[in-house]
Amino acid sequence: MKIIRLKDGGDGSRFDVDFHPDSALLLPGRPLFYPDFAGQWVARLYVAVHVNRLGKSVSVKFAPRYYDNLALAVRIMPADASAMAAGVLSGLDSSITHGEWLAPDECLGVTSVAVNGETVEVRMPDAVEVNSAVSQVSVNTTLRMGDLIMLPLDIDAVSLSPKSRLVITHADRELMNVKIV
């Protein structure tokens, strides 16, 4: 299993890719241990795409066959990006977690979420963007069942603090609830 995080490549049509080991994934229901190094930490929101079959060089037309569910996901990182080297940060254990898996049409319809009680407007990627991302990633790496592809959301990072919770809800439905210890 791979975690493939997409970053904006700058030109709008291509993505820069960052790979994370499977140890970076915090399983749902487990507490997030607040790192005691690098100062203040924040959470960035993403849409996680769950790959459900083996594929290489997948055409955009057939990309919907290669994923079955989407979820909101978070990646924790230092508020000061220069506090850690990017390579070390990519391999940080338990730095990525996701919420409840939703059918693609259900997830793509989300327009706002409540993060710790504060409503935030979210522009979720549409099906064309998700299909394009799956296709672009499959050109450079073989997609395998269980892989996660994370697409960034264009919203501000959420500050984290020890002994708190990160709760994301939509339409009175809890999508993610992570205890921070």
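Structure's up top.
In short, a report on the structure. Here the residue numbers are simple positions, counted from 1 along each chain's written sequence. Owing to the predicted nature of the model, reporting of local features is limited to residues with pLDDT of at least 70; listing and counting of side-chain atom pairs is limited to 80 or more, with chain, interface and lining totals taken over all residues. Think of the side-chain values as coming from all heavy atoms in the structure, minus any hydrogens and water.

1. What about the nonpolar core?
Then comes step 1: In this structure, V134, I149, L160 and L166 are the most contacted members of the largest nonpolar core, which totals 48 residues.
Then comes step 2: Numbering goes from the N terminus for both helices and strands, where a helix is a DSSP run of H or I of at least four residues and a strand is a run of E of at least two. Secondary-structure elements contributing two or more residues to this core are β1 (3-8), β3 (41-51), β4 (67-78), β6 (112-115), α3 (127-140), β8 (148-152), β10 (164-170) and β11 (173-180).
Then comes step 3: By definition in these notes, contact holds between two residues if any of their heavy atoms fall within 4.5 Å. Excluding anything up to four places from it in sequence, L160 contacts L32, Y34, Q40, W41, V42, A43, I76, L166 and I180.
Then comes step 4: Core analysis: the second largest hydrophobic core is formed by nine residues, A24, A73, I96 and M150 among them. Buried Ala, Val, Leu, Ile, Met, Phe, Trp, Tyr and Cys residues form a nonpolar core when they are joined through side-chain atoms within 4.5 Å. Relative accessibility under 20% of the residue-type maximum defines a buried residue, over 50% an exposed one, and the middle range a partly exposed one, all with a 1.4 Å probe and only protein chains included.

2. Focus on the environment of L72
Then comes step 1: In this structure, L72 sits in strand β4.
Then comes step 2: L72 gets classed as buried once you look at its relative accessible area, which sits at 6%.
Then comes step 3: Spatially, the C-alpha atom of L72 lies 14 Å from that of D126, the residues being 54 residues apart in sequence.
Then comes step 4: Leaving out residues up to four positions away in the same chain, L72 has contacts with Y46, V47, H98, G99, V113, M124, L153, I168, L175 and M176.

3. So, the side chain of R75
Then comes step 1: Mapped onto the elements, R75 comes out in strand β4.
Then comes step 2: His residues and chain termini do not enter the charge count, which takes Lys and Arg as positive and Asp and Glu as negative. Just to be clear on terms, a salt bridge is a Lys or Arg side-chain nitrogen sitting within 4 Å of an Asp or Glu carboxyl oxygen. An unpaired buried charge is present at R75: no salt bridge exists, and D18, the closest side chain of opposite charge, is 4.8 Å distant.
Then comes step 3: With near-sequence residues (within four places) excluded, R75 lies in contact with R5, H20, V42, A43, R44, Y46, L89, S90, S95 and I96.

4. With respect to unusual backbone geometry
Then comes step 1: Of note in this structure, S57 is not a glycine but carries a positive phi near 50 degrees.
Then comes step 2: A positive phi is found at S94, a non-glycine position, where the angle reads about 55 degrees.
Then comes step 3: Relative to the helices and strands, S94 is located in the loop between α1 (86-90) and β5 (96-98).

5. Observations concerning the pairing of β4
Then comes step 1: Summarising burial for β4: ten of the twelve residues are buried, a large majority.
Then comes step 2: Two elements, β3 and β4, share eleven bridges in a ladder whose sense is antiparallel. Note that in β4 the partner of Y46 across the bridge is A73.
Then comes step 3: At least two DSSP bridges between two strands are needed for those strands to be called paired. Summarising the sheet, β4 and β5 pair through three bridges and their orientation is antiparallel. Bridge pairing links R75 to I96 in β5.

6. Digging into the pairing of β10
Then comes step 1: By the bridge criterion, two bridges tie β6 to β10 in an arrangement that is antiparallel. Within the sheet, the bridge partner assigned to V115 lies in β10 and is I168.
Then comes step 2: In this structure, β10 lies alongside β11, joined through seven bridges in antiparallel fashion. Following the sheet pairing, S164 is matched in β11 by I180.

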